[in-house]
Amino acid sequence: MVSAPAPQVTAHRRTGRTTRRVVAGLVALLVTVSGCSTADGSTEAATPAGSATSAAVKSEPSSPAPAPAAAPTALPVAAMSASVPLRVEVPTIGVDSELMALGLLADGSLEVPPGAFPAGWFTGAPTPGEIGPAVIAGHIDWVTGPGVFHQLAALEVGAEIRVSRTDGSVAVFRTTEVTRYPKDAFPTELVYGDIDHAGLRLISCGGAFNSATGHYEDNIVAFAELVT
């Protein structure tokens, strides 16, 4: 039996096109299935403004110290145009999966993959590589064994995520954070809210498995940003 809370969805503008965003009511992205739940900070020291000069010694006024050069900043990576994703690869945790489209069911709840594989991408969000938070969801396990995102919690910051797209391009992301959230405190706005760059969220279930409910108690969310 599959069930999920019905998310409230609203239309909004993102880079000239309308997309749908989950804004409230969703505490777990992935629904429960039989036996499986698929939801340099350095401080600059102060320097004296100057020091007293003896009246007996004539000194030339000192030239002002040159301003420190600004630290170079990384140029933002240009976002890509819309293109349906076909495959997601996360080599460090053994993910290599085709992608299916995930929409919303009649009751407003999120559709999920019907089995352990493949993963799916949420069609109500930007496609991976566009400005905004693209979302890919997959099961941690299934009645048949491990799911596509079985090792998502082990993903490390800096790891590469590659998404192949129908236009022949590959959107390459770098993992910036991997966090576990209780399902009753799922950070909907953080995951689905507007951002000013091309981002990606990989989502699955995790944490303790509650045998009484048949659900995992938490969600694992990996955040990533486009690098090429």
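Below or above, wherever it landed, is the structure these notes cover. Treat the numbers as computed from the prediction; the structure is a model and nothing was measured. (Residues numbered from 1 in each chain as written. Predicted model: local features only at pLDDT ≥ 70, side-chain atom pairs only at ≥ 80, totals over all residues. Heavy atoms only, no water.)

### Some words on the overall build of the chain
Put simply, the rule is: In this text, helices come from DSSP runs of H or I with a minimum length of four residues, and strands from runs of E with a minimum of two, each type numbered from the N-terminal end. With residues, only the protein chains shown are counted as cover, and all accessible areas are computed by Shrake-Rupley using a 1.4 Å probe.
Scanning the chain from terminus to terminus reveals one helix and 14 strands. For the chain, the exposed area adds up to about 12,000 Å²; of that, 56% sits on carbon and sulfur atoms.

### Comments concerning the side chain of Glu130
The criterion, for reference: Any residue under 20% of the maximum accessible area for its type is buried, any over 50% is exposed, and the rest in between are partly exposed; the area is computed with a 1.4 Å probe on protein chains only. Here a polar contact is taken to be a pair of N or O atoms separated by no more than 3.5 Å, where protein atoms must pair a possible hydrogen donor with a possible acceptor and residues adjacent in sequence count only if both atoms sit in side chains.
With respect to the secondary-structure elements, Glu130 resides in the loop between strand S7 (119-122) and strand S8 (132-137). Given a relative accessible area of 6%, Glu130 falls into the buried group. Looking at Glu130, its side chain comes within polar contact range of the main-chain nitrogen of Thr127, at 2.8 Å.

### Section: the pattern of salt bridges
For clarity, the threshold we go by: By definition, a salt bridge exists where a carboxyl oxygen of Asp or Glu is found within 4 Å of a side-chain nitrogen of Lys or Arg.
Tallied over the entire structure, the rule returns six salt bridges. Between Asp96 and Arg87 there is a salt bridge whose closest N-O contact spans 2.6 Å. A residue is classified by how much of its surface remains accessible, and Arg87, at 28% relative accessible area, is partly exposed. The network of salt bridges with common partners includes Arg87, Asp96 and Glu98.

### A word on the packing of aromatic side chains
Selection criterion: Any two rings among Phe, Tyr and Trp, with Trp reduced to its six-membered ring, count as a pair given centres within 6.5 Å; such a pair is stacked if its planes are under 30 degrees apart, edge-to-face if over 60, and tilted if neither.
Inspection of the entire model under this criterion finds two aromatic pairs. Seen in terms of ring centroids, Phe122 and Tyr192 are 6.3 Å apart; in terms of plane orientation they differ by 90°. Their pairing is edge-to-face. One end of the pair, Phe122, is in strand S7; the other, Tyr192, is in helix H1 (residues 188-192), with 70 residues separating them in the sequence. Take Phe122 and Tyr192: they sit in the same class, and that class is buried.

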